[in-house]
Amino acid sequence: MTVVVALRTHLCSQSPLVFHIRHCSNSVVAAASTIEQARLHKEECHLLVINSTSKKEKVIGERKAPEWKKLDAEELGISNSMISKPTRVVLNGLKRKGYEVYLVGGCVRDLILKRIPKDFDVITSAELKQVRKAFHRCEIVGKRFPICHVHVDDVIVEVEWSPFIEQVSSFSTSQLKSDGKFNGDVRKPLGCSKRDFIRWRNCLQRDFTINGLMFDPYANIVYDYMGGMADIKKTKVRTVIPANLSFVEDSGRILRAIRIAARLQFGFTRDLALSLKELSHSVLRLDKGRILLELNYMLAYGSAEASLRLMWRFGLLEILLPIQASYFVSQGFRRRDERSNMLLSLFSNLDRLVAPDRPCHTILWVCIFAFHMALVDQPQDPLVVAAFILAVHSGGSLLESVKNARRISQPYQSSFPELLEAQNPGSNNAVMLKTINFAALVKTALRNMTDGCYVSKAMAKYPKAPSSDLVFIPMALFLRVSKIFECVRRGTETRFVRRQGRRIDHESLAMGSLEEVRHVFARIVFTTVYPPNQSNENNVVNQRP
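What counts and how
Residues numbered from 1 in each chain as written. Predicted model: local features only at pLDDT ≥ 70, side-chain atom pairs only at ≥ 80, totals over all residues. Heavy atoms only, no water. Helix = DSSP H or I, 4+ residues; strand = E, 2+ residues; numbered from the N terminus. Disulfide = S-S within 2.5 Å. Buried < 20%, exposed > 50% of the residue type's maximum accessible area, 1.4 Å probe, protein only. Axes fitted to C-alpha atoms, helices over the stretch in contact; angles between N-to-C directions. Parallel < 35°, antiparallel > 145°, perpendicular 65-115°, else oblique. Contact = heavy atoms within 4.5 Å. Nonpolar A, V, L, I, M, F, W, Y, C, P; charged D, E, K, R; others polar. Pairing = 2+ DSSP bridges. pLDDT = per-residue confidence, 0-100. Phe/Tyr/Trp six-rings, centres within 6.5 Å; stacked < 30°, edge-to-face > 60°. Core = buried A, V, L, I, M, F, W, Y, C linked by side-chain atoms within 4.5 Å. Salt bridge = Lys/Arg side-chain N within 4 Å of Asp/Glu carboxyl O.

### Some thoughts on the environment of glutamine 265
Then comes step 1: Mapping glutamine 265 onto the fold places it in the loop between α8 (252–264) and β13 (267–268).
Then comes step 2: Sequence separation between glutamine 265 and lysine 236 is 29 residues; the distance between their C-alpha atoms is 9.1 Å.

Below, the structure written as structure tokens:
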């Protein structure tokens, strides 16, 4: 395979703020006022003149900025061996050419926290054309946000959907005059070196302080200009600029805040939490593809349950996933409820099987949503659910699945209202018919998730809730998810090879392999319906997917 390392160039100069306002509940005047505040605040940040030589007295607008710190990477427990090999290849290649290179953003934060980074962001002083010349196999792609794809060895690191993304941004010193003075309307603070100022400006463009860290792997120094280390110690997510202005500038940061807090189990600063609630509806301004991408980051990388809880707590669930929000309301869930339900249990079991470096494909969590919707609409006998799970896992061998389901003696999770009290289900043919009917219900639920009219009515029983008709599932994704369940209704598939063992092929899962997604889906559902019990473990070992 081929390594793709993305090199982005968007940090070298100020970029205009562009806002697309739709579905806003506030007045046009109020919205325009907020946008103007964001623009003026951004100008204040960049046009700031520091009149004191003391770094402790630096301010950003009216907000006192933290003291600049240079930290020893070794004392923080960071070593170059923690950096992925493809990243080191790119870093070394650019460094040998004489360019500056840094690791930036969430990967530095994760290295400090001893977590596996989802991706590695790198910035370099090289222009993209220079980067292309530095590597034998490299091309520039993209128009609005150009990036470089660097091919390293035979590994493919895919931008956005792979656990091994290598993003390399480019900042430029082209605004420096020949005499070394900065050319433009941004003035250098007194007592600040040229290199510090360029790094500071780069960090100022970041979304959150804990993402505003820069690591020089050759000097073994971590630069902290935004107070990120202090917020890591406080386990807080804080925006670099005031949260209400930051979220107006880019409403995608609302979803990133949820994702980061869920993954790290961090809390929010007071102003950020307030802005999340007040501006939650602004996420509808985002492109549907962007929303799907952010939801995938939340649900496919090991923090799905926490993400769902946070979206519910801050009023985002009824906007992004109104069908699931309706379920939470029907269960009597309060915003800060610590109880669980079947939906949360399903995603909790998914979280146990995936991680930032071992994500699943989008089709898996969409399958879970469709399966659960069908159960909510029409609760089923546990035997029917078990037969359905085993049929999905076995590629449609329905009679065999029903017979195996009957052998399960472990108690099911009776606290879930989605599961009926176990009764005499009748003959094998009767159970097979019920299983086929349930598969049709799952297909219908999936179709409803792509129907804007149906989605808009999900919260109709709750008139005080915001309305949303958001449909973010494209047709191609709908068709791929449909294939997961088709085998139950059509019977055993030709050329089907029965999945052996419980080991997960994470590479195939991330790529959306039909067999692997079925295997993991069945395993998640089975564990949710029949929670493991040591005393009964041996009774179901042969039936488990």
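### Describing the state of the cysteines
Then comes step 1: Counted by the stated rule, this structure contains 0 disulfides.
Then comes step 2: Counting only cysteine sulfurs, cysteine 367 is the nearest neighbor of cysteine 360, a cysteine outside any disulfide, at a range of 9.9 Å.
Then comes step 3: Given the relative accessible area of 4%, cysteine 360 is considered buried.

### Regarding the packing of helix α10 (residues 288–299) against helix α11 (residues 304–313)
Then comes step 1: The geometry of α10 relative to α11 is characterised by a closest axis approach of 7 Å and an angle of 125° between their N-to-C directions. Comparing the axis directions of α10 and α11 gives the class oblique. Only Ala304, Ser307, Leu308 and Met311 of α11 make contact with α10, whose side of the interface consists of Leu295, Met298 and Leu299.
Then comes step 2: Its residues assigned to classes, the contact of α10 with α11 shows 6 nonpolar, 1 polar and no charged.

### Focus: the pairing of strand β11 (residues 221–224)
Consecutive side chains of a regular strand alternate in pointing toward one face of the sheet and then the other.
Then comes step 1: Pairing geometry for strand β4 (residues 69–72) and β11, over 4 bridges, is antiparallel. Note on β11: the bridge partner recorded for lysine 70 is tyrosine 223.
Then comes step 2: Sheet topology note: the strand β10 (residues 213–216)/β11 ladder contains 4 bridges and is antiparallel. For methionine 214, the partnering residue across the bridge sits in β11 and is tyrosine 223.
Then comes step 3: Between β10 and β11, which follow one another and run antiparallel, lie 4 residues, and asparagine 220 among them has a positive phi close to 55°.

### Re the pairing of β10
Then comes step 1: Burial along β10 is two-sided: Leu213 and Phe215 and Met214 and Asp216, pointing in opposite directions, are all buried.
Then comes step 2: Taken together, the 2 bridges between strand β5 (residues 101–104) and β10 define a ladder with antiparallel strand orientation. Residue pairing for β10: valine 104 is matched across the bridge by methionine 214.

### Section: the confidence of the model for the chain
Then comes step 1: For the chain, per-residue confidence averages 80 on the pLDDT scale, and 77% of positions sit at 70 or higher.
Then comes step 2: In this model, residues 1–36 is a region of pLDDT below 50 whose contacts with residues beyond four sequence positions or in other chains number 99 contacts.
Then comes step 3: Taken together, the stretch residues 155–167 has pLDDT below 50 and engages in 59 contacts with residues farther than four places along the chain or on a different chain.

### Details of helix α13 (residues 322–330)
Then comes step 1: The buried count for α13 comes to 7 of 9 residues, which makes it a mostly enclosed element.
Then comes step 2: Looking only at α13, the buried set comprises Pro322, Ile323, Gln324, Ala325, Ser326, Tyr327 and Phe328.
Then comes step 3: For α13, the elements touching its buried residues are α11, α12 (317–320), α14 (342–351), α15 (362–377), α18 (428–449) and α19 (452–456).

### Describing the environment of valine 131
Then comes step 1: Counting through the fold element by element, valine 131 comes out in helix α4 (residues 128–134).
Then comes step 2: Of the residues examined, valine 131 reaches a relative accessible area of 0% and is grouped as buried.
Then comes step 3: Distance in space between the C-alpha atoms of valine 131 and valine 90 is 9.5 Å, their sequence separation being 41 residues.

### Quick word on the packing of α18 against helix α20 (residues 475–490)
Then comes step 1: At a closest axis distance of 9 Å, the pairing of α18 and α20 adopts a crossing angle of 170°. Judged by the inter-axis angle, α18 sits roughly antiparallel to α20. Contacts from Thr435, Ile436, Ala439, Ala440, Val442, Lys443, Leu446 and Arg447 of α18 reach α20 at Phe478, Val481, Ser482, Phe485, Val488 and Arg489.
Then comes step 2: Of the residues in the contact of α18 with α20, the class split is 9 nonpolar, 2 polar and 3 charged.

### Description of the packing of aromatic side chains
Then comes step 1: Evaluation of the coordinates by the stated rule reveals 20 aromatic pairs.
Then comes step 2: Between phenylalanine 197 and tryptophan 200 the ring centres are 5.6 Å apart and the planes differ by 20°, which places this aromatic pair in the stacked class. On the criterion of helical spacing, the pair formed by phenylalanine 197 and tryptophan 200 is a turn pair, its members being 3 residues apart in helix α5 (residues 194–204). For the residue pair phenylalanine 197 and tryptophan 200, the accessibility class agrees, reading buried in each case.
Then comes step 3: Summarising the aromatic geometry, the rings of phenylalanine 388 and phenylalanine 438 are spaced 4.9 Å apart at their centres and angled 85° between planes, so their arrangement reads as edge-to-face. Linking phenylalanine 388 in helix α16 (residues 382–393) with phenylalanine 438 in helix α18, this pair joins segments that are 50 residues apart in sequence.

### Topic: the nonpolar core
Then comes step 1: Core analysis: the largest hydrophobic core is formed by 148 residues, its most contacted members being Leu103, Phe268, Met311, Trp365, Phe371, Phe388 and Phe521.
Then comes step 2: In terms of residues, this core owes the most to one element, α15, which gives 12 residues.
Then comes step 3: Excluding residues that lie within four positions of it along the chain, phenylalanine 371 makes contacts with Met342, Leu346, Val385, Phe388, Phe438, Val442, Phe521 and Val525.
Then comes step 4: Within the second largest apolar cluster, 16 residues are counted, among which are Ile123, Trp200, Met214 and Tyr223.

### A few points about unusual backbone geometry
Then comes step 1: Even without a glycine there, the phi angle at asparagine 220 is positive, about 55°.
Then comes step 2: The topology assignment puts asparagine 220 in the loop between β10 and β11.
Then comes step 3: In this structure, glutamine 265 is a non-glycine residue whose phi angle is positive, near 60°.

### Overview of the pattern of salt bridges
Then comes step 1: Applying the stated criterion across every chain yields a total of 16 salt bridges.
Then comes step 2: Residues aspartate 110 and arginine 263 are paired through a salt bridge, measuring 2.7 Å at the closest nitrogen-oxygen approach. Of this pair, aspartate 110 sits in helix α3 (residues 106–112) while arginine 263 sits in helix α8; the two residues are 153 residues apart in sequence, bridging distant segments of the chain.
Then comes step 3: By relative accessible area, which is 2% here, aspartate 110 ends up buried.
Then comes step 4: Across the pair arginine 238 and aspartate 231 runs a salt bridge, and its minimum N-O distance is 3.0 Å.
Then comes step 5: A relative accessible area of 24% means that arginine 238 is categorised as partly exposed.
Then comes step 6: Among the charged side chains, a salt-bridge network with shared partners connects Asp207, Asp250, Arg256, Arg259, Arg290 and Glu294.

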